[in-house]
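Architecture and fold: a report
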Amino acid sequence: MDPKPPLRSAKLTGNRQNSSSLLSKTLSDATTQNLSSILNNPHVSDSSWSGWWSSSSTSVQIPDFAPLSGEALVDCLKEVPALYFKEDFALEDGGTFRAACSSVGDNDVLQEKLTQYLDVVEVHLVKEISLRSNSFFEAQGQLEDLSLKIVEGCGRIRELKEMIRVLDGDLVDSARQIQELKVTRSDLLALQEKLRVVLYVNQSLAALKLLVASADCAGALDVTDDLKHFLNGDQLTGLHCFRHLEDQVAAAINSVNSILSAEFLRVSVNDAGEKDAVILSKAKARIASPGTEEDNEESWDQEDTSSFHDRVLPLIIGLLRTAKLPAVLRIYRDTVISDMKTAIKSVVAELLPVLLARPSDSDFKSGDRIVDADGGGSSLANKLRNLSSESFVQLLETIFKIVQAHLLRAAEVKKVIEWMMSNLDGHYAADSVAAAIANGALTAEISSAAAGQSGPSSLSTQKNLIKVSPATSSSNLSKNFRADVLRENAEAVFAACDAAHGRWAKLLGVRALLHPKLRLQDFLNIYNISQEFVTATEKIGGRLGYSIRGTLQSQAKAFVDFQHESRMTKLKALLDQETWVEVDVPDEFQAIVDSLFRLESDSEDDDHSKSIANSYNEVVASTAEQVDLNGQVNNTKTKNGHAKSSAHLISFRGVGYHMVNCGLILLKMLSEYIDMNNFLPALSSEVIHRVLEMLKFFNTRTCQLVLGAGAMQVSGLKSITSKHLALASQVISFVHAIMPEIRKVLFLKVPETRKGMLLSEIERVSQDYKVHRDEIHTKLVQIMRERLLVHLRGLPQIIETWSRVDETEIQPSQFAKSLTKEVGYLQRVLSRTLHEADVQEIFKEVTIIFDIQISDAFAHVDISTPQAKARLNCEIQHILGCVKSLPSAKLNIESGIPIAGQLEALVKRIYSAESDQ
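Predicted, not measured: the structure shown is a model, and the values here were computed from it.

**Focus: the overall build of the chain**
What the chain contains, in helices and strands, is 31 helices and four strands. Looking at the chain residue by residue over its 917 residues, the buried ones come to 42%. Pairs at least 24 apart in sequence give 80% of the contacts found in the chain among residues at least 6 apart. Surface exposure of the chain reaches about 49200 Å², of which carbon and sulfur atoms provide 55%.

Written out as structure tokens, the structure is:
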């Protein structure tokens, strides 16, 4: 019998068993997934069962004639409580046990009930299985066919593997050997290249040490650039022998930076010591020989500039390549400041002994000198205070030249760096500078990016930056790096200027208490050289020196304040000592007035006004010799022994004025204030306020002394005469006349915003002077009125004698003679002192008073007798003759008004009475 069929049946049986187990597993999985939800809700619709069934058996097709699957289970769930179908059903659980057994009291009944539930479930499960049996057998057949196909596929695979093994042995082995040899050759070539790199790096390191030792910075930087290229690439990756190469390159770069920094500072700063020594030696020679001419202004010629550029250019290029130029410029700034302070300190230390040992005229009284109590060596501040103004100016001039030399060198460094940062168009080093700037910018960016990271990550950071930096990013880096360099470059010069300004201001501050007490010219020498220093340093540094300008301004204001106080004190003392006696006017004072008028009239021409101002200053300086310490005007003699010429009047605009001592001194003081205004234009408003204060004081004090008769108490005058009043009027008139010109000269330096307020104050002061002059004239008229009243008191006794018969010749009475004598005396005094117009106005008022008062007195005289008529006529004619001889008569004649209308009417009445008789 053929054994194959039983084998086939056995296989079929095994396949069926496998299929059954697979189907049972599928059903159990589906039941596990979906049955619990159905059991928890047994009242769901039939669609739920159909969905569960479809999900559990997707490959088996249900015949159309079969009953609906799942109906038996639904019936089962209807008969058996849902409690028994829960996944966590266990009678061991107390709650489950109570729920299942609480409704049954007897154990037999409970067991019977549970057995019934089990039978119901089994019956319905069998029913469901019978409904699905055809699908089970169909699936088993399909699985058997699949198993056969798998067996056939495995055999085919074995055959293909054998075929491939044969082909590999015949065709592929030789080609694979060729490929392996090629790979081996490539590895050997890479090893050879790696060894060459190792040799080159070793040689570069040896050369780098030699270059750094010989201070060949450019060559050393070229080597470091090559080594950086290797470090940034992959040639040295994995070479343990070069694990310290990055540190070695960094150390070499640091050494190069140190060399470049030291050399840059030496060339830029330290080489200036020789020029300082030359300037100091020349300054000492000038001090020893005052006639030595001054040197020309410090400047750099083309050869010096070119040589300096050639020396500093390689250093700056090297610092740019290492991106250390901004840091070195910060060090350079501090070095320049320190060097500037040291240079100024050296000048003071070198020149002070020489200046103190030189004999010179003192600017102060002996009590103003500051001397140490112990009599030993004084401090530096006291030595500076003990210098005369001339010596102090010489010290400032030397410091000026030293500072200027240092600043010019710093400015040249700044100019070179700015020139280089603009790429030196057309220069032989233009490409080198551009490459250095780009390299420095990248290096600076790498350093800043790696600053916050650890050491090992710096190389990777550098590689990443190099890989991701496009052209635009490189351009932005270069711009930022240029801006950083230029900013630090400018700050260095600014800092040097600030240091020089601070030291200069400190020198001025040491003598702050002395400068206000100087003579005007001495103070101006210090002020002018300080202004020149500020202007020159600001031009080099490009920044305003606020500190030194503030110091100069404060000292100038202190000088004006002190000078004003001293002049006010002096003027008060002069006025208290004034005897109101006319003095001759030296030609120097007349020259002040003439120069003042020319300065005002030609102020529109700048060059001409400067020359006139210089001549005016010379004239003012020469008048200082004419005034002694007590403020008295002297007629000193010249070197030839001849007295300097003087005039009786001081003339202004063709009008002469009689002067007293205090008037000339006031003119001198006003000229000094004009000097202050011209040379201290920033304080012009302050000077004008001081001038107005002085003019107000002079006017007020003069009024108190003359009109108020205060001179009788302070000056020892017995009385205030008409001569005193006339001289006071002349002085007041002179000041009032020159006030508009003084106002124009002073206002040349005043800002437009302040002119309005100052102009109103000047007009008010001018009006006060005019009122004062008119009051003096009124006082003169009042004196004559008082004298007239005195004489009129004795007139009745004289009139009583007129009726007596007297054979003697009729003559004017003592009343008429005394009155006309006093009028004549006043006329002589006033005509010699006052201007004609003022005399006419005064005597015009006197004539009116005489006409009214005398007419009233004579109107009541009894002229019934011929003797009374004759005597009255004689009196009136004598008085009229005196009145007609006065200067005011010209005004009456020109205007056609009677000179003394009431007296003339009284004469006509007498004559008409005689004709009636």
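Don't stop here, the text continues.
**With respect to the environment of Ala483**
Summarising the element assignment, Ala483 is placed in helix H16 (residues 471-510). Sequence-wise, Ala483 and Met421 are 62 residues apart; in three dimensions their C-alpha atoms are separated by 9.4 Å.

**As for the packing of aromatic side chains**
By the definition in use, this model includes nine aromatic pairs. Pairing Phe523 with Phe559 gives two aromatic rings, centres 4.1 Å apart and planes at 0°, and the pair type is stacked. Taken together, the positions of Phe523 in helix H17 (residues 520-541) and Phe559 in helix H18 (residues 546-577) put the pair 36 residues apart, joining distant regions of the chain. On the basis of relative accessibility, which here comes to 0%, the residue Phe559 falls in the buried class. Pairing Tyr657 with Phe734 gives two aromatic rings, centres 5.5 Å apart and planes at 65°, and the pair type is edge-to-face.

**Quick word on the side chain of Thr820**
By the secondary structure assignment, Thr820 is in helix H27 (residues 814-833). Note on Thr820: relative accessible area 14%, which makes it buried. Within the structure, Thr820 has its side chain in polar contact with the backbone oxygen of Lys817 (distance 3.1 Å). A polar contact of 3.1 Å, which involves the side chain of Thr820, links it to the side chain of His878.

**Structural notes on the pattern of salt bridges**
Once the charged atoms of two side chains with opposite charge are near each other, the side chains can pair. Under the criterion given, the structure shown has 25 salt bridges. Note that Lys770 and Asp774 form a salt bridge whose closest N and O atoms lie 3.5 Å from each other. Separated by four residues within a single helix, Lys770 and Asp774 lie in helix H25 (residues 752-793), roughly one turn from each other. Of the residues examined, Asp774 reaches a relative accessible area of 31% and is grouped as partly exposed. The salt bridge partner of Glu822 is Arg787, with a shortest N-O separation of 2.8 Å. Highlighted residues: Glu822 in helix H27 and Arg787 in helix H25, separated in sequence by 35 residues.

**Here's the deal with unusual backbone geometry**
Its identity as a non-glycine residue notwithstanding, Ala215 has a phi of 60°, on the positive side. Locating Ala215 in the fold gives a position in the loop between helix H6 (133-213) and helix H7 (217-232). Given a relative accessible area of 43%, Ala215 falls into the partly exposed group. Look at Arg653: it is not a glycine, yet its phi comes out positive at around 55°.

**Some words on the packing of helix H21 (residues 661-679) against helix H24 (residues 722-746)**
Where H21 contacts H24, the axes come no closer than 12 Å and their chain directions differ by 5°. Considered as vectors, H21 and H24 are oriented roughly parallel to each other. Residues Gly663, Leu666, Leu667, Leu670, Tyr673, Ile674 and Asn677 of H21 lie in contact with H24, whose contacting residues are Val731, Phe734, Val735, Ile738, Ile742, Val745 and Leu746. When grouped by side-chain class, the residues that make up the contact of H21 with H24 number 12 nonpolar, two polar and no charged.

**Side note on a nonpolar patch on the surface**
A grouping of Leu160, Met163, Leu167, Leu171 and Val172 is seen on the molecular surface, where their side chains present a nonpolar patch of about 460 Å² in accessible area. Its place among the elements puts Met163 in helix H6.

**Some details on helix H5 (residues 107-131)**
Taking 1.5 Å per residue, 25 residues should reach 36 Å; H5 reaches 36 Å between its end C-alpha atoms and fits that length. Listing the buried residues of H5 in full gives Leu110, Tyr117, Val120, Val121, His124 and Glu128.

**Things to note about the nonpolar core**
The biggest cluster of nonpolar side chains holds 194 residues, and the ones touching the most others in it are Phe264, Tyr332, Leu395, Phe734 and Phe858. Top element by residues in this core is helix H13 (residues 389-421). It accounts for 18 residues. Here Phe858 is in contact with Leu795, Trp802, Phe815, Leu872, Glu875, Ile876, Ile879 and Leu906, once residues within four sequence places are set aside. One finds Leu77, Phe85, Val120 and Val121 within the second-largest nonpolar core, a separate group that totals seven residues.

**Digging into the environment of Ile548**
For Ile548, the location among the structural elements is in helix H18. Separated by 15 residues in the primary sequence, Ile548 and Phe533 place their C-alpha atoms 9.9 Å from one another. Once residues within four sequence positions are removed from consideration, Ile548 is found in contact with His501, Trp504, Ala505, Phe533 and Val534.

**Some words on the environment of Asp851**
Note on placement: Asp851 falls in helix H28 (residues 836-859). Expressed as a C-alpha distance, the spacing of Asp851 and Glu904, which sit 53 residues apart in the sequence, is 9.0 Å.

**Some remarks on the packing of helix H22 (residues 684-707) against H24**
The relative placement of two packed helices is expressed as an angle between their axes plus a distance between the axes. Contact pair H22 / H24: the axes reach a minimum separation of 11 Å and the direction vectors enclose 170°. Here H22 lies roughly antiparallel to H24, going by the angle between them. Side by side, H22 and H24 meet where Ser684, Ile688, Val691, Leu695, Phe698, Asn699, Thr702, Val706 and Leu707 of the first sit next to His724, Leu725, Ala728, Val731, Ile732, Val735, Met739 and Leu746 of the second. Split into classes, the residues belonging to the contact of H22 with H24 amount to 13 nonpolar, four polar and no charged.

**Details of the side chain of Gln590**
With respect to the helices and strands, Gln590 occurs in helix H19 (residues 587-601). A polar contact is formed between the side chain of Gln590 and the backbone nitrogen of Ser651, at a distance of 2.7 Å. What Gln590 contacts, discounting residues up to four positions off in sequence, is Val585, Leu649, Ile650 and Ser651.

**Brief notes about the confidence of the model for the chain**
In this model, the chain carries an average pLDDT of 76, and 73% of its residues clear a pLDDT of 70 or more. Element-level pLDDT for the chain is lowest in helix H2 (residues 46-56), with a mean of 40, against a maximum mean of 93 in H22. Confidence over residues 454-473 falls short of pLDDT 50; this stretch has 17 contacts with residues more than four positions distant or in other chains. Counting interchain partners and residues more than four positions distant, the pLDDT-below-50 stretch residues 636-644 has 10 contacts.

**Description of H7**
With 16 residues, H7 extends 22 Å from end C-alpha to end C-alpha; this agrees with the ideal 22 Å at 1.5 Å per step. Those residues of H7 that fall on the buried side of the exposure criterion are Cys217, Gly219, Ala220, Leu221, Val223, Thr224, Leu227, Phe230 and Leu231.

**As for a negative patch on the surface**
On the surface, Glu87, Asp88, Glu92 and Asp93 cluster together into a negatively charged patch. With respect to the helices and strands, the residue Asp88 is situated in the loop between helix H3 (71-79) and helix H4 (94-101).

Rules behind the numbers
Residues numbered from 1 in each chain as written. Predicted model: local features only at pLDDT ≥ 70, side-chain atom pairs only at ≥ 80, totals over all residues. Heavy atoms only, no water. Helix = DSSP H or I, 4+ residues; strand = E, 2+ residues; numbered from the N terminus. Buried < 20%, exposed > 50% of the residue type's maximum accessible area, 1.4 Å probe, protein only. Contact = heavy atoms within 4.5 Å. Areas by Shrake-Rupley, 256 points an atom, 1.4 Å probe, with all protein chains shown as cover. Phe/Tyr/Trp six-rings, centres within 6.5 Å; stacked < 30°, edge-to-face > 60°. Polar contact = N/O pair within 3.5 Å; in protein donor to acceptor, adjacent residues only side chain to side chain. Salt bridge = Lys/Arg side-chain N within 4 Å of Asp/Glu carboxyl O. Axes fitted to C-alpha atoms, helices over the stretch in contact; angles between N-to-C directions. Parallel < 35°, antiparallel > 145°, perpendicular 65-115°, else oblique. Nonpolar A, V, L, I, M, F, W, Y, C, P; charged D, E, K, R; others polar. Patch = residues over 30% accessible without salt bridge, like charges linked within 9 Å, V, L, I, M, F, W, Y side chains within 5 Å. Expected span 1.5 Å × (residues − 1). Core = buried A, V, L, I, M, F, W, Y, C linked by side-chain atoms within 4.5 Å. pLDDT = per-residue confidence, 0-100. Lys, Arg positive; Asp, Glu negative; His and termini not counted. Charge placed at Lys NZ, Arg CZ, Asp CG, Glu CD.

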